[in-house]
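# Architecture at a glance
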Amino acid sequence: MKIIVCIKQVPNTTEIKINPVTGTLIRDGVVSIMNPDDKGGLEEALKLKDKYNAHVTVITMGLPQADDILREALAMGADRAILLTDRKLGGADTLATSNALAAALRQLEFDLVITGRQAIDGDTAQVGPQIAEHLDLPQVTYLENLEYDGKKTFTIKKSTEDGYQILEVDAPCVVTVLASANKARYMSVRGIVETYDREVEIWGFDKLGIAEEKVGLKGSPTKVHKAFTRGVKAAGEMFETDAEEAVGIIMSKLKEKYII
Ligand SMILES: Cc1cc2nc3c(=O)[nH]c(=O)nc-3n(C[C@H](O)[C@H](O)[C@H](O)COP(=O)(O)OP(=O)(O)OC[C@H]3O[C@@H](n4cnc5c(N)ncnc54)[C@H](O)[C@@H]3O)c2cc1C
């Protein structure tokens, strides 16, 4: 079985800086991490590797520094790592991002594509389902648990607002995973030692076989009009009290400010 996991490098949430001119995130010099839901997705793939000897490829579209999360994934147990990086792919909204990733996936063999449910910076949860649409594959989102019959069928526990659903879907398909689906393993010591000797393949725009109008800023119908970091208006009020009294205080404050 061949699995591809799409992982995204994201700023550690508390350090968001926006470029006031372009409205895009300032990523240089910002502490970056592997998107938590993607780590959950990678762990699901590695569990299938442990049980069914699956081959796991990780792919990310990003700046050259995204090499870091690919090496982390290799040290966790991934077999192959691809960095999709090119100026032509920069400034992409979700549609352009999913176009580029889908074009890369068309160059690869797979039975299962795993993405995170959502990235903690863009927060749209759109890329996974968009990839499934581009590849015309069945998709299951909000995955909490995954079972495989060892042949072609996955049984998936999907989280819903009022509980969960159990769904069956045949390979090839796309799933989006919640970080809460599992406890991701740590990088192994041997993995950390070897990861910098391992190859990370660098793919540019030319490898994708897709029109420039489909990717990057050119391929992005979403234009960021203005982006800014909302400042803290006023210091909050602290109340040392029990829950019941706290509810009363909050209700009266909300009424005071005509919020309710
Ligand atoms: C503050 C902010 C707001 C934004 N708002 C919008 C918006 O409203 N509309 C819009 O179209 N774009 C928006 N963007 C741009 C958007 O972040 C990028 O297009 C991004 O590449 C994908 O969207 P996302 O971050 O919402 O990812 P999501 O759709 O939430 O990601 C879901 C999953 O897709 C996979 N994935 C996503 N990006 C990549 C990648 N680069 N490489 C590999 N796998 C990936 C990961 O597995 C991830 O968990 C915004 C960006 C920022 C920083």
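Residues numbered from 1 in each chain as written. Predicted model: local features only at pLDDT ≥ 70, side-chain atom pairs only at ≥ 80, totals over all residues. Heavy atoms only, no water.

This part covers the packing of aromatic side chains. All chains considered together, the criterion is met by 2 aromatic pairs. One aromatic cluster is present, formed by Tyr52, Tyr148 and Phe154 through successive ring pairs. The cationic tip of Lys157 hangs over the ring face of Tyr164; the distance from NZ or CZ to the ring centre is 4.4 Å. A cation over a ring is seen here: Lys207 above Trp203, with NZ or CZ 4.5 Å from the ring centre. (Phe/Tyr/Trp six-rings, centres within 6.5 Å; stacked < 30°, edge-to-face > 60°. Lys NZ or Arg CZ within 6 Å of the ring centre and 35° of its normal.)

In this section: the pairing of strand β9 (residues 163–170). Note: strand β8 (residues 153–160) against β9, 8 bridges, orientation antiparallel. Considered in β9, the bridge of Lys158 is made with Gln165. The hairpin formed by β8 and β9 contains 2 residues between the paired strands. (Pairing = 2+ DSSP bridges. Helix = DSSP H or I, 4+ residues; strand = E, 2+ residues; numbered from the N terminus.)

Once that is clear, we can look at the pattern of salt bridges. Applying the stated criterion across every chain, the model contains 16 salt bridges. Asp37 is the partner of Arg117 in a salt bridge, and the nearest nitrogen-oxygen pair spans 2.8 Å. Taken together, the positions of Arg117 in the loop between β6 (112–116) and α4 (127–134) and Asp37 in helix α1 (residues 36–52) put the pair 80 residues apart, joining distant regions of the chain. Residue Arg117 is classed as partly exposed on the basis of its relative accessible area of 24%. Between Lys47 and Glu44 there is a salt bridge whose closest N-O contact spans 3.2 Å. Remark: Glu44 and Lys47 occur in helix α1; sequence separation between them is 3 residues, near one turn of the helix. The exposure class assigned to Lys47 is partly exposed, which follows from its relative accessible area of 32%. Classification of Glu44 as buried rests on a relative accessible area of 2%. (Salt bridge = Lys/Arg side-chain N within 4 Å of Asp/Glu carboxyl O. Buried < 20%, exposed > 50% of the residue type's maximum accessible area, 1.4 Å probe, protein only.)

Attention now moves to the site of the ligand. Cys6, Lys8, Asp38, Asp93 and Thr124 are the nearest of the 27 residues found near the ligand. For the ligand, an oxygen atom lies 2.8 Å from a polar atom in the backbone of Ala125. Expressed as a share of its isolated accessible area of 910 Å², the protein-covered part of the ligand is 83%. Secondary structure elements with two or more residues in the shell around the ligand: β4 (55–61), α3 (94–105) and β6. Among the residues making up the shell around the ligand, the classes are represented as 10 nonpolar, 11 polar and 6 charged. (Near = heavy atom within 4 Å. Polar contact = N/O pair within 3.5 Å; in protein donor to acceptor, adjacent residues only side chain to side chain. Areas by Shrake-Rupley, 256 points an atom, 1.4 Å probe, with all protein chains shown as cover. Nonpolar A, V, L, I, M, F, W, Y, C, P; charged D, E, K, R; others polar.)

Here the focus is the side chain of Glu43. Of note, Glu43 is situated in helix α1. Side-chain polar atoms of Glu43 contact the side chain of Arg185, separated by 2.8 Å. If near-sequence neighbours (up to four positions away) are discounted, Glu43 is found in contact with Asn182, Lys183, Ala184 and Arg185. (Contact = heavy atoms within 4.5 Å.)

Further remarks concern the sheet that holds β9. Where strands meet in a sheet, backbone hydrogen bonds hold them as pairs that are either parallel or antiparallel. Here 9 strands make up an open sheet; going across it, the order is β9-β8-β7-β10-β6-β1-β4-β5-β11 and the pairing mixed. Taken across any chain shown, the strands that pair with only one partner, and hence form the sheet edges, are β9 and β11 (201–203). Between one strand and the next, the sheet's axes are offset by a mean angle of 35°, whatever the strand orientation. Note that strand β1 (residues 2–6) and β4 share 5 bridges and pair parallel. Considered in β4, the bridge of Ile3 is made with Val56. Docked against the sheet, helix α2 (residues 67–76) engages β4 and β5 (80–84), running at close to 170° with respect to β5. In this fold α3 packs onto β1, β4, β5, β6 and β11, with an angle of close to 145° to the strand it touches most, β4. (Axes fitted to C-alpha atoms, helices over the stretch in contact; angles between N-to-C directions.)

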